[in-house]
Amino acid sequence: MNAPRVWNTLEVNRAERLGRARAVLGNQMQGKALPAARIADLLHAVLECGDRVCLEGNNQKQADFLGQALAQLDPARVNGLHMLQSVLALPEHLDVFDRGVASKLDFSFSGPQAGRVAKLVSAGKLNIGAIHTYLELFSRYFVDLPPRVALIAAEAADRHGNLYTGPNTEDTPAIVEATAFKNGIVIVQVNQIMDTLPRIDVPGDWVDFVVQSPQPYYIEPLFTRDPAQISEIQVLMAMMAIKGIYAEYGVERLNHGIGFDTAAIELLLPTYAESLGLKGKIGRNWALNPHPALIPAIESGFVESVYSFGSELGMENYIRARPDVFAVGPDGSMRSNRALCQAAGHYACDMFIGSTLQIDLQGNSSTATLGRIAGFGGAPNMGADARGRRHASPAWLKAGEEARRGRNTIPRGQKLVVQIVETFREHMQPAFVEKLDAWELAEQANMAIPPVMIYGDDVTHILTEEGIANLLLCRSDEEREQAIRGVAGYTPVGLGRDKRMVEELRGRGIIRRAEDMGIDKRMATRDLLAAKNMKDLVRASGGLYDPPKRFRNW
Amino acid sequence: METLNYRYENGTRTLAKNPQIVGVVGSGNLEVLIESAPLDGACTIEIKTAAVGFGAIWEAVMHDFHERWLLADARISINDMGATPAVVSLRLDQAVQTMLEDAR
């Protein structure tokens, strides 16, 4: 007869790990807290070779103390780790592979380290499982990639291990839940240990070890854009976006990408959009980080609510003073949640508008460039039609109607997905190309498919300085290609247009120029921006916004 | 530096007498002088550009500009410091629109 099957191997394994930690740290533990100097001993004790380890760090906050400790472990004792990470942002995130502590990676985004990721892949030191969107990666933590050990960051802990994650809660809840409820080990670095927390974001019995890091965790003010750098072309494109898309569809619920193109739109809401009588009709409810550029639109009453993926450095006091707008807890500080906000951006928003690096003739949009494996972040979930959505709104219905007009299909809506891009980027790099760099990158890095950020069949509008192409109204691949060429300016793709067909598409309203929308280009100056520099933003906030030093130029 | 010259003959619209200067000479920007001048009905454009090798794009940008506005007896001088076609077209359109309105 076979031996009876054991059903609690994970539980037993967890107890062994905790036992080893107790043996090594002994009386140095104070409740769940250990001295920072002993972090390497703790990691050597609880980690096993080949473990799946989730290191918290998004494009904003980073569990940097734990990440550095991990990178310095002895690869003779701990190796072959399978890293799970939202974002690879810091050098130590790659050092773990370079030193042989880790060998496999499932991730979402690697912006600043994309070049080094590509090098380590080709050197055979880093084996990529897959590149995901944030929501996709979190989802896998609960299905086939539960972490054995999670290394996370919080503002503060108490002696029971309860955590206060504050405004930058971000990815923490998803990671902790996936780990704690699969008998994994949760280790947290905190900026301080307190007797009483302002509020409890993570209950202490889901947390195993707490270490106060010598420095507060690193955080990047990723969503701060200095209005002084917004160009007149961006003002012109923002005018076209507001009049030709926001007003046209009555877009009330939306998400903006990162960058100066969308910052310009935010700064035109209280000026240009207000002059068109659009207050209360567009841009009311947002899934968005607390962009400082949104302050004038909030103050003027344009924006009614903002739910955030993370917070933004310097915005804390402003947020605290605007609890009707932001998700503020009983303690007065904001809570963010990246997983929930990604879901909100996907299902509860009528529009995503954001920039990109390359668009091809089918409208596929990619930020992949040769020699860099950068990943996606959240853009593919924001910039995709939510096929599972069932509730209607005027914007969603109008987009769906345009896509299905003249076709014998059951009525349904569609999300507006807008790519806003100047036809030439810096150094006269064309934003429109016959073939995306993503194809060559896929070949170089041995990927199953080219890394496309937003697929052409999800893109509804392309907006450039030359006008708007409404892809919903195109009825053939040829029309679609000419609509794209027709706003591609003087790039080779734009110069290759069939002029007669482009004029015909313009006659049908598929291509619209500024003049077709009744936009006076002479208004496209920086005078239209509700704030022209960082100081204007501070002033608009009534002195509540406190920009990070690097943005203070006065 | 590169100098490019274009001349278009079939224009119909004349500008106000007062010349317009728009833009600034700075990296990624350009300065444009537009003036009314007796040129037998032609519109001439002279471009001095710091970015060498973009003649084909300039020609296309100027061709479209002329088709948009059909200017006659107009002299346009451009001092370019690597502006994109987007900036070039916007500056020209802004200046011409003002001068045409002044001419009414």
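Structure: above.
Here the structure is a predicted model, which is why all the values come from computation and not from measurement.

What counts as what
- Residues numbered from 1 in each chain as written.
- Chains lettered and ligands numbered in written order.
- Predicted model: local features only at pLDDT ≥ 70, side-chain atom pairs only at ≥ 80, totals over all residues.
- Helix = DSSP H or I, 4+ residues; strand = E, 2+ residues; numbered from the N terminus.
- Rg over C-alpha atoms; globule rule 2.2 N^0.38 Å.
- Buried ≥ 20, exposed ≤ 12 C-beta atoms within 10 Å, placed from the backbone.
- Contact = placed C-beta atoms within 7 Å.
- Arc of directions from axis to C-beta.
- Axes fitted to C-alpha atoms, helices over the stretch in contact; angles between N-to-C directions.
- Left-handed = near helix turned anticlockwise from the far one by under 90°.
- Pairing = 2+ DSSP bridges.
- Nonpolar A, V, L, I, M, F, W, Y, C, P; charged D, E, K, R; others polar.

Quick look at the overall build of chain A
Along the backbone of chain A there are 19 helices and 21 strands. Against the globule reference of 24 Å for 554 residues, chain A gives a C-alpha radius of gyration of 25 Å, in line with a compact fold. Along the longest, intermediate and shortest principal axes, the C-alpha atoms of chain A span 80 × 55 × 45 Å. Looking at chain A residue by residue over its 554 residues, the buried ones come to 54%. Summarising the internal contacts of chain A: among those between residues at least 6 apart in sequence, 74% fall at separations of at least 24.

Focus on helix 2 (residues 39-46) of chain A
All names here are of chain A. Three or more residues of helix 2 are buried, namely Ile39, Leu42, Leu43 and Val46. The buried residues of helix 2 occupy an angular sector of 95° when projected down its axis, which confines them to one face. Of the surrounding elements, those touching the buried residues of helix 2 are helix 1 (9-25), strand 1 (33-34), helix 3 (64-71), strand 7 (149-157), strand 9 (185-193) and strand 10 (209-212).

As for the packing of helix 1 of chain A against helix 2 of chain A
Residues and elements named next belong to chain A. Running from amino to carboxyl end, helix 1 crosses helix 2 at an angle of 150°, the nearest separation of the two axes being 8 Å. Helix-helix and strand crossings are classified by hand; for helix 1 and helix 2 the assignment is right-handed. Every residue of helix 2 that contacts helix 1 at Arg17, Arg20, Ala21, Val24 and Leu25 is listed here: Asp41, Leu42, Ala45 and Val46.

Some thoughts on the pairing of strand 3 (residues 30-36) of chain B
All names here are of chain B. Here strand 2 (residues 20-23) pairs with strand 3 via four bridges, running antiparallel. Pairing of Gln20 across the sheet is with Ile34, part of strand 3. Between strand 2 and the antiparallel strand that follows it, strand 3, lie six residues; Gly28 among them carries a positive phi value of about 75°. As paired strands, strand 3 and strand 5 (residues 74-80) are joined by seven bridges and run antiparallel to one another. Directly across from Glu35, in strand 5, lies its bridge partner Arg75.

Comments concerning the sheet that holds strand 21 (residues 511-512) of chain A
Residues and elements named next belong to chain A. A sheet is described by the order of its strands in space; here eight strands give the open sequence 14-13-12-15-18-19-20-21, paired in mixed fashion. In this open sheet, the two edge strands, each paired with only one partner strand, are strand 14 (305-307) and strand 21. Relative to strand 21, strand 20 (residues 467-470) runs antiparallel, the two sharing two bridges. Paired with Ala469 across the bridge in strand 21 is Ile511.

Comments concerning the interface of chain A and chain B
Contact with chain A, which involves 13 residues of that partner, is made by 12 residues of chain B. When residues in the side of chain A that touches chain B are grouped by element, the largest group, three residues, is from helix 8 (residues 232-249) of chain A.

So, the packing of helix 8 of chain A against helix 9 (residues 260-275) of chain A
Residues and elements named next belong to chain A. Two numbers describe how helix 8 lies on helix 9: the axes approach to 8 Å, and their chain directions differ by 65°. Both helix 8 and helix 9 take part in a crossing whose hand is right-handed. Of the residues in helix 9, those in contact with Gln234, Val235, Met237, Ala238, Met239, Ala241 and Ile242 of helix 8 are Phe260, Asp261, Ala264, Ile265, Leu268, Tyr272 and Ala273. A class-by-class count of the residues in the contact of helix 8 with helix 9 yields 12 nonpolar, one polar and one charged.

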